[in-house]
Every structure is written in structure tokens, then in C-alpha cells.
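Spelled out, the chains give:
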Amino acid sequence: MDGLSLRRTPDAIKWIQDSLESSDIDYVLKHGTYTTQIEHEMGTIKLMLNNFQNRVFCASQMVKKDCKNSELGQEIMKATHQKKNYDSNPKIESVKYDTCFNIDLSSAYAYCLFNNGLITKKTFNYLLKLPKMERLTSVGMLATSHVKYFYSGGKCVDFKPYREPTAQIFFYLIDEINYLMQDIKWMLGNDFIFYWVDGVFMKPSTPKKKIQDVENLLISLGYKYKYEKVENFSVNRIQDKVIVEMIKNDESKRYEFTTGQSGRELGKHIAKKAFQDLQN
Amino acid sequence: MAKRKIQTLKRVVAKSGQVYFFKGGKRIATKKGEKLFRKEIVNNLRPVPTNLTPSEELFLKRSQAAKKAAANTYKYQGRPIPRIYAVLLQKIYPKKDFLQTMDLYKWTKADGTPIFKRFSDIQRKIDNASQKDSKIFKLLTEMGYFKDKQGRTALIDICEIIQQKEYDKFKFILIDAQGDEIRGRVAVCTAIRDFEVDVTTEIKNALGMNVVKTYFDYSPNYDFKNKIFELDIEDQNRKIEISEIVQNQKGELLLPSGKNKFKNVYITYSVS
């Protein structure tokens, strides 16, 4: 069972674990977002959720290397990002528009990395050539994490979580784009509807001047953007739950999010704990 | 060209206390007159009469208070900023002279450049301060400034949390999807991993496409008094399969009732 690459399923993991246990072989199970690896004395078995092309891993390595080599990258890695979210628009109300404006940042994370001097022109160009989901995965790998489970005599005896040292750079990118969205939200004022990651939706009545201001901001910061065709736009708010539906570029889209604090106990706890640590 | 005569608003209070409004020599509706009168008073276009009615007096009092409050409100490029930012900035810059300048865009560094060139620079300043100053962090937490990003409270976070020394003496209990109780630090983490793999596989099978990421937002219960960490992820309705939910909804693993499919974990997913 060495050098195997399988599709990750519960049955596959269970079968390997049972086989190793019955053979009395100790092993380490490394479980990450996309892959699970089982390392034992005779080799390693890899179980993958998705099959990524080699270029994804290649791009990811290029990004990581550049980030580690950059001065800002080193600085960001030493800091902690709070993983906070300002909310795309907690005050969003039910509304319907036949059409609305949507400005979308193109390759937001790649541009953010490049504009901040975190990656070289070569890596940037390589990233831009990748399809959207592959590009996102390559950059997301900056925050690779896994948990190692140590098995002895068929029983799990310990575990050890691991986060890539560059994880903070990925959180930094998220924050940077979020800050940019907050700027746009502020500039649009009452004409702002909501934003989703790197795309802003605004009322069809938005004055030209405001749109120009937004464009100028994006240009001044070196971001590329595009307008998307949005029709049948509707926001349905039921208490804390918000459902946004639209036809974007002739394709139905639906976003759902909550504006309340339900299910945030862990977040609150982390904040409380961090505060205690800070006090100490 | 003949100069156009400005039609001034005339206000007459009758002995009965009734107020009448006239414009261009003609009486106008009281409601319209009141509106114009109030507008003139607010904009200082006429002296405040001494014979104000109680409702006019109340209006005047309120508009003066609002004016005063507006003058004392911190703004950015002329528009008021959320109160929480103002409170925090006063904590961050306790003795600075520019606290007297109400528009934050006009706050400048020694070289004359704005401190907050972009609106988000205010948020950036607050975020950075909260990392260095525990008092600011506490205040932010109390005021609900933080909102944990969805999807970051996954297995890795749970494992990181329960590995901390502070939780050494905690009992870890997991109620799994089948409703069975699992106890122990290691066993709980292992079971959460299996649960995540199971759910992701089922979603993937139901969709028949690449699941880019599944987010698990857990809400465990911390009993600090009795030192118990408990997470309940019992299936809330076993008759409804994940595949049925995935086909009917987009992005969230919720039952038709709106509840989480698995009790204390909010699951979302994205596909390519």
C-alpha cells in the first residue's frame, strides 16, 4: 500500500485504517482540506477529494516562495489577522430591481498579491493564465492546514494541528479585499446594495459621479475590474436570513447569508479567550 | 425686467392660540405653513418669535439639540461615521489635538498628508490598535465589532483550541450525527474529522461535481464552571438525506424548516 493515490471517501479511509490495524502497523494520518495522507513504515497512501492539475501545485509553490522572499510577506507572517468580517451589508432590506450595476474585481487575490509586492511579475502572469477556480485554489494553499493523528496499536493516541506559516498572508489578502469593499461601500452610500467577496452590487439609480469615484479608486490602487450584466435582482430578508437572487451574465445566481449572531458562539469564545491572553 | 417680489411667510397667532399662515397675502394650509415656518427657523431665515406654541417650542428644542449633536459627530468627508468608530478613535488618540477636528479626512500627519486617506484606513487603524491594546480589544468585543468569518471555525480551529493548556482539565464530549456520545480529547477530534469527510463525500456524490470547499461552522458549548466542552452534531432529521437538501438548496445544509441538518454546526459549501 505504498505510493497509492485514491479518491478520498470514508470507506477508503476506513478500509486502509482497518487493514493497518489488523496488520498491527502504527501510522500517522494527516488530514487536510483537500487530501488525507496515511504515512506508515512502508510508505504513504494519498487520498484526494479533488484532482487538481499539477499547475495548481506549481502556482501555489511559486506564490509561497515569492511571499516568503518578500519583506512585506515576512512582516505579515509575524502578525496575526483577526479573521473578522465587517458584514457585506447587515442592514440590507428586501428589494427588487429589473437590472442593477455590478462591479467585479478581476483576479482580486492575484492582483492584491502583486500590487502589494508579495509576488513577482512572473508568478503574477502564471496565476492569471490559470482558470478561476485553479487560481483561487493556488492562492488558498497559502493557508494550507491539516491535523496529524497518531495511531498506535489501532488506537489514536494523539493529534497535532498544523497551519502553513504563510496562512496569515492569505488572511491578509482577504482583509485587504474586504477593506477595499468597505471603501466602495462608503463611497456609494445609499446606492450601495451589498457586496460578495470581490463584487459590489449597486442600485440602478447610482449617480455617474459615484461610479467614477469607485473606478478611480480601483485604478489608483492597481486593480482591474469589469461590469457584469445583472437582471431580475431581488433581495429577500426573512429576519436574520438574507437571500439574494439574480441572473448574472444570463446565469441564475443565488447567495444566502445571515446577518445575525446565531451560530457565532465559538467566535465569541475565541475573542474572549484572546482577550484573556492579551491581558496576561 | 421687473424684480420678482419675494413672498414672505406671515405667521399670525389668534387669541385662541390657533396659528394661521399667509403667503403672498393669501392664507395657506396650516400643515404647509408649519412646514415652511419650521424650515425657516432651522435655517435661521427669520428670528424666532416669542409667541411659539408648545409644539413649535418642542420642535425648536429638538432641532437645536440635533444641530448640536451633528456638530459634535465625527464624520468622514462630511458624512457621519458609525458611533463605534468614534468611541474607539477617542481611545486610540486620547490626547491628540486633532480630536477637535470632527471630519476625520482633515486629520493630517506632520507632513500634511491625511491620516485616513481611505475610509477603510479608519477600520485598519482600529484593527491594528485592537491587536496591541487589550482594552481596545475588550471594548471592540463588547460592542460587537468582531464577526468571525464563516468557515474559519473548522476542524483545525477546534483542534487548536482543545489542544491549548487551558483546556487540559476539560472533559470533551461530542454527540455525533447518530446521537451517540463520544468522550475524550483525541476521540472527539477524530470523530469530527470523520464527520467532515462523510458530509463532504455525500455532498460531492449528490452534486456529481468538484466540491471546492465545505465550511463547518461549529458552535460548541463551553461550561467553564464544570470544565466541559460539548459539541452536539446530531442529525436533526434522519429521514431527509443530504442529497435531497443539496438538490433543493444552494450552498447551505439546512433542513426545510431552516434548522441546521446537524444540530450545532452550520455547513456551507461551494462548488466548481
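As the structure is a computational prediction, the values presented were derived from the model and not from experiment.

Asks: Describe the overall build of chain A, naming the residues involved and giving the relevant values.
Replies: Each helix and strand in chain A was counted, giving nine helices and 13 strands. Going through the 280 residues of chain A one by one, you find that 52% of them count as buried. Within chain A, residue pairs in contact and separated by at least 24 positions form 61% of the contacts whose partners lie at least 6 positions apart. Entry remark: accessible area of chain A is about 13,500 Å², with carbon and sulfur atoms responsible for 49%.

Asks: Please provide a residue-by-residue account of the overall build of chain B, values included.
Replies: When you go through chain B residue by residue, the secondary structure sums to eight helices and eleven strands. Scored against the burial criterion, the 272 residues of chain B give a buried share of 43%. Considering only contacts in chain B between residues 6 or more positions apart, those separated by 24 or more positions represent 51%. With the model as given, the accessible surface of chain B reaches about 15,900 Å², and the carbon-plus-sulfur share is 50%.

Asks: I'd like a rundown of helix H6 (residues 132–140) of chain A, residues and numbers included.
Replies: All of the buried residues along H6 of chain A are Glu-134, Arg-135, Thr-137, Ser-138 and Val-139 of chain A. On its buried face, H6 of chain A sits against helix H2 (54–69), helix H4 (108–115), helix H5 (121–129) and helix H7 (167–188) of chain A.

Asks: Lay out the sheet that holds strand E2 (residues 19–23) of chain B with the relevant residues and their values.
Replies: Residue and element names in this part refer to chain B. Strands sit in the order E1-E2-E3 across an open sheet of three strands; the sheet is antiparallel. Both outer strands of the open sheet, strand E1 (9–13) and strand E3 (26–28), are each paired with one neighbouring strand and no more. On average, each strand axis in the sheet is tilted by 40° relative to the strand beside it, whichever way the strands run. Strands E1, E2 and E3 of the sheet are contacted by helix H1 (residues 30–42), whose axis makes an angle of about 80° with E2.

Asks: Describe the nonpolar core, and please don't skip the residues or the numbers.
Replies: Burial of nonpolar side chains together is a common tendency in soluble globular proteins. In terms of nonpolar packing, the biggest core is built from 42 residues, with Leu-113, Leu-127, Leu-142, Phe-170 and Leu-173 of chain A touching the most fellow members. In terms of residues, this core owes the most to one element, H7 of chain A, which gives twelve residues. Beyond its immediate stretch of four places on either side in the chain, Leu-142 of chain A contacts Val-63, Lys-64, Cys-67, Leu-113, Glu-164, Thr-166, Ala-167, Ile-169, Phe-170 and Leu-173 of chain A. Ala-191, Val-199, Ile-242 and Leu-255 of chain B belong to the second largest nonpolar core, which has 27 residues in total.

Asks: I'd like a description of the side chain of Glu-228 of chain A, backed by residues and values.
Replies: Residue and element names in this part refer to chain A. Structurally, Glu-228 can be placed in the loop between strand E10 (225–227) and strand E11 (230–238). At 2.4 Å, the side chain of Glu-228 forms a polar contact with the side chain of Asn-249. Residues contacting Glu-228, with those up to four places away along its chain left out, are Asn-102, Asp-104, Lys-248 and Asn-249.

Asks: Help me get a handle on the confidence of the model for chain A, residues and values and all.
Replies: Of all residues in chain A, 87% attain a pLDDT of 70 or more, and the chain-wide mean is 84. Predicted confidence for residues 261–271 of chain A stays below pLDDT 50, and this span has 26 contacts to residues more than four positions away or in other chains.

Asks: Go over unusual backbone geometry with me, naming the residues and quoting the values.
Replies: A positive phi angle is found at Asp-24 of chain A, which is not glycine, with a value near 55°. Along the chain, Asp-24 of chain A turns up in the loop between helix H1 (10–22) and strand E2 (27–32). Phi is positive for Lys-227 of chain B, which is not a glycine, with a value near 55°. Looking at where Lys-227 of chain B falls in the secondary structure, it is placed in the loop between strand E9 (221–223) and strand E10 (228–232).

Asks: Provide a residue-level description of the packing of H1 of chain A against helix H7 (residues 185–207) of chain B, including the pertinent values.
Replies: When two helices pack together, their arrangement is given by the angle between their axes and by how far apart the axes lie. Where H1 of chain A contacts H7 of chain B, the two axes come as close as 9 Å, and the packing angle between them is 140°. Regarding the angle of H1 of chain A to H7 of chain B, the classification is oblique. Across the interface between the two elements, Pro-10, Ile-13 and Gln-17 of chain A of H1 of chain A pack against Arg-193, Val-197, Asp-198 and Thr-201 of chain B of H7 of chain B. Considering only residue class, the contact of H1 of chain A with H7 of chain B consists of three nonpolar, two polar and two charged.

Asks: Explain the sheet that holds strand E3 (residues 35–40) of chain A to me, using residue names and the numbers behind them.
Replies: Strand order in the open sheet made by the six strands is E1-E4-E3-E2-E6-E7 (chain A), with mixed pairing throughout. The open sheet has two free edges, formed respectively by strand E1 (4–7) and strand E7 (155–163) of chain A, since each of these has just one partner strand. Taken pair by pair, the neighbouring strands of this sheet meet at an average axis angle of 20°, ignoring direction. Examined bridge by bridge, E1 of chain A and strand E4 (residues 43–48) of chain A share four bridges and lie parallel to one another. Bridging from a neighbouring strand, Leu-4 of chain A pairs with Ile-45 of chain A of E4 of chain A. The sheet contacts of H7 of chain B involve E1, E2, strand E6 (145–152) and E7 of chain A, and relative to E7 of chain A the element is tilted by about 70°.

Rules and cut-offs
Residues numbered from 1 in each chain as written. Chains lettered and ligands numbered in written order. Predicted model: local features only at pLDDT ≥ 70, side-chain atom pairs only at ≥ 80, totals over all residues. Heavy atoms only, no water. Helix = DSSP H or I, 4+ residues; strand = E, 2+ residues; numbered from the N terminus. Buried < 20%, exposed > 50% of the residue type's maximum accessible area, 1.4 Å probe, protein only. Contact = heavy atoms within 4.5 Å. Areas by Shrake-Rupley, 256 points an atom, 1.4 Å probe, with all protein chains shown as cover. Pairing = 2+ DSSP bridges. Axes fitted to C-alpha atoms, helices over the stretch in contact; angles between N-to-C directions. Core = buried A, V, L, I, M, F, W, Y, C linked by side-chain atoms within 4.5 Å. Polar contact = N/O pair within 3.5 Å; in protein donor to acceptor, adjacent residues only side chain to side chain. pLDDT = per-residue confidence, 0-100. Parallel < 35°, antiparallel > 145°, perpendicular 65-115°, else oblique. Nonpolar A, V, L, I, M, F, W, Y, C, P; charged D, E, K, R; others polar.

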